[in-house]
Every structure is written in structure tokens, then in C-alpha cells.
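# Commentary on secondary and tertiary structure
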Amino acid sequence: MFDASILPTRPFSSFAEATERLESLCRQLSVRHLSYWCVSYADDAPDQVTWIATYDPAYMNHYMSTYTPLGDPVFEMTAEIIDWAKVNAADPAAQIMQDQASRYGIARNGFSYRFKDESGLFVLFSVNVDSAPGDWPWRRDALIEPIKALAHVIHQKAKPLVDSRRLAA
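What counts and how
Residues numbered from 1 in each chain as written. Predicted model: local features only at pLDDT ≥ 70, side-chain atom pairs only at ≥ 80, totals over all residues. Heavy atoms only, no water. Helix = DSSP H or I, 4+ residues; strand = E, 2+ residues; numbered from the N terminus. Expected span 1.5 Å × (residues − 1). Buried < 20%, exposed > 50% of the residue type's maximum accessible area, 1.4 Å probe, protein only. Phe/Tyr/Trp six-rings, centres within 6.5 Å; stacked < 30°, edge-to-face > 60°. Core = buried A, V, L, I, M, F, W, Y, C linked by side-chain atoms within 4.5 Å. Contact = heavy atoms within 4.5 Å. Arc of directions from axis to C-beta. Polar contact = N/O pair within 3.5 Å; in protein donor to acceptor, adjacent residues only side chain to side chain. 1 Å grid on protein atoms, 1.4 Å probe; cavity = no way out; pocket = protein on both sides within 12 Å on 5 of 7 lines; lining within 4 Å. Points joined across faces, edges and corners; volume = space filled by probe spheres on them.

### Concerning helix H1 (residues 15-29)
- Taking 1.5 Å of rise per residue, 15 residues should cover 21 Å, and H1 covers 21 Å from first to last C-alpha, within 8% of that figure.
- Among the residues of H1, Glu17, Ala18, Leu22, Leu25, Cys26 and Leu29 are the ones counted as buried.
- Backbone geometry just after H1 places Ser30 at a positive phi near 55°.

This is the structure:
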């Protein structure tokens, strides 16, 4: 399912390269979108945010101007794996966000994997999939382990970009 050979052996040299690699991985994994967030916190609020995704740039601009991690319920969840369907069912604000995202071609089915790295940075890696509602549970379950492994690889390849932004701030 996931072939690590499409990733460079060295860190990503630019945000454009990182985005291109995520786009290649989408094709390889037969998923709609992949999204990588790396967030540092200060006083319990996002301090430095890095976002690399295959989403439409217009959606990314809309999201950042409307929500950012502060208004997104997924960032407030504590589970390691967060199925968007469960968030949408439990939170009317999340359902509104999903309705807006669907206007930009983001499918309703997806999940996010969250972890903290060794330096305390918060990483949220998401996968978005086109699938019939009845197919989503088995598709999700088949993707969880590969996406968890991929998230850590992507974070290691993107961390120099994250660090360069943090040092420049």
C-alpha cells in the first residue's frame, strides 16, 4: 500500500517539494487528500503553525482566515485517531466546517492521527477519502497503520522546514 521509496532520503528542501510528495502519496494510496500540521504551543495557544496539504489553496486560505487550529474541534480532541464522522456527528460546528470543506472538493470521510514528537511539537496528519458510507469503516481500518507510519516519516522529512520557520519567527 505505502511505498517509502517515493519519499526522498533527505529532508524536504521546500514546501513545494513537500506538497508534491504528498500529492504523489495520494495517488499511490488512492486517497483524495493528505494534510500535515505541525504546531508549537505557548500558553496553551498555537504559537507557530506549519501546514502542508494537498487541499485546494483557496480552501486553505478560507480555513486559516475562518478557523485556524483554534476553531477546529479536531485540534481539541485527545484521541490518537480521530474519525471525522464521529466529530461531525457530535459537534454541529464541525458539521458546518465539513459542509464548507465539501465545497472545495474535500470528501466527508477522513481521519486524523495526532502525536507529539520528541521536542514537544504537536503533529496532526490527516487523510481524506472518497468512499461510500458503507465502505468507509473497512477503508479507514485498512489505512490507520500505514498512515501512522507515514505521518512519522513525513514529519521527519518536514521538520527542517518547520524548524526554519520557527527560527525565523
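### As for the packing of aromatic side chains
- Evaluation of the coordinates by the stated rule reveals 12 aromatic pairs.
- With 5.2 Å between their ring centres and 90° between their planes, Trp37 and Phe75 make a pair best called edge-to-face. Of this pair, Trp37 sits in strand E1 (residues 33-42) while Phe75 is found in helix H3 (residues 73-76), placing the two residues 38 residues apart along the sequence. The residues Trp37 and Phe75 share a single accessibility class, namely buried.
- For the ring pair Tyr59 and Tyr63, a centre distance of 6.1 Å and an interplane angle of 50° mean the geometry is tilted. One end of the pair, Tyr59, and the other, Tyr63, are both in helix H2 (residues 57-66), 4 residues apart, so they sit about a helical turn from each other. The burial state of Tyr59 is the same as that of Tyr63; both residues are buried.

### Some details on unusual backbone geometry
- A positive phi angle, close to 55°, is found at Ser30, a residue other than glycine.
- In this structure, Ser30 sits in the loop between H1 and E1.
- Relative accessible area serves as the criterion here: at 55%, Ser30 is assigned to the exposed category.

### So, the nonpolar core
- Counting residues in hydrophobic clusters, the biggest one holds 30 residues, and the most contacted among them are Leu34, Tyr36, Phe125, Ile147, Leu150 and Ile154.
- For this core, the secondary structure elements donating two or more residues are H1, E1, strand E4 (109-116), strand E5 (122-129) and helix H6 (136-168).
- Leaving out residues up to four positions away in the same chain, Ile154 has contacts with Leu7, Phe12, Leu22, Leu25, Tyr36 and Phe125.
- Core analysis: the second largest hydrophobic core is formed by 20 residues, Val39, Tyr67, Val87 and Ala94 among them.

### Quick look at helix H5 (residues 92-102)
- Among the residues of H5, Ala94, Met97, Gln98, Gln100 and Ala101 are the ones counted as buried. On an axial view of H5, the arc spanned by its buried residues comes to 160°, and they lie on one face.
- On its buried side, H5 packs onto H2, H3 and helix H4 (84-90).
- The N-terminus of H5 is capped by Asp91, whose side-chain oxygen sits 2.8 Å from the backbone nitrogen of Ala93.

### Notes on empty space enclosed by the protein
- The final tally for this structure, using the stated rule, is 1 cavity of 30 Å³ or more.
- Roughly 300 Å³ of internal volume is contained in the largest cavity.
- Secondary-structure elements contributing two or more residues to the lining of the largest cavity are E1, H2, H3, H4, H5 and E5.
- The element best represented in the lining of the largest cavity is H5, accounting for 4 residues.

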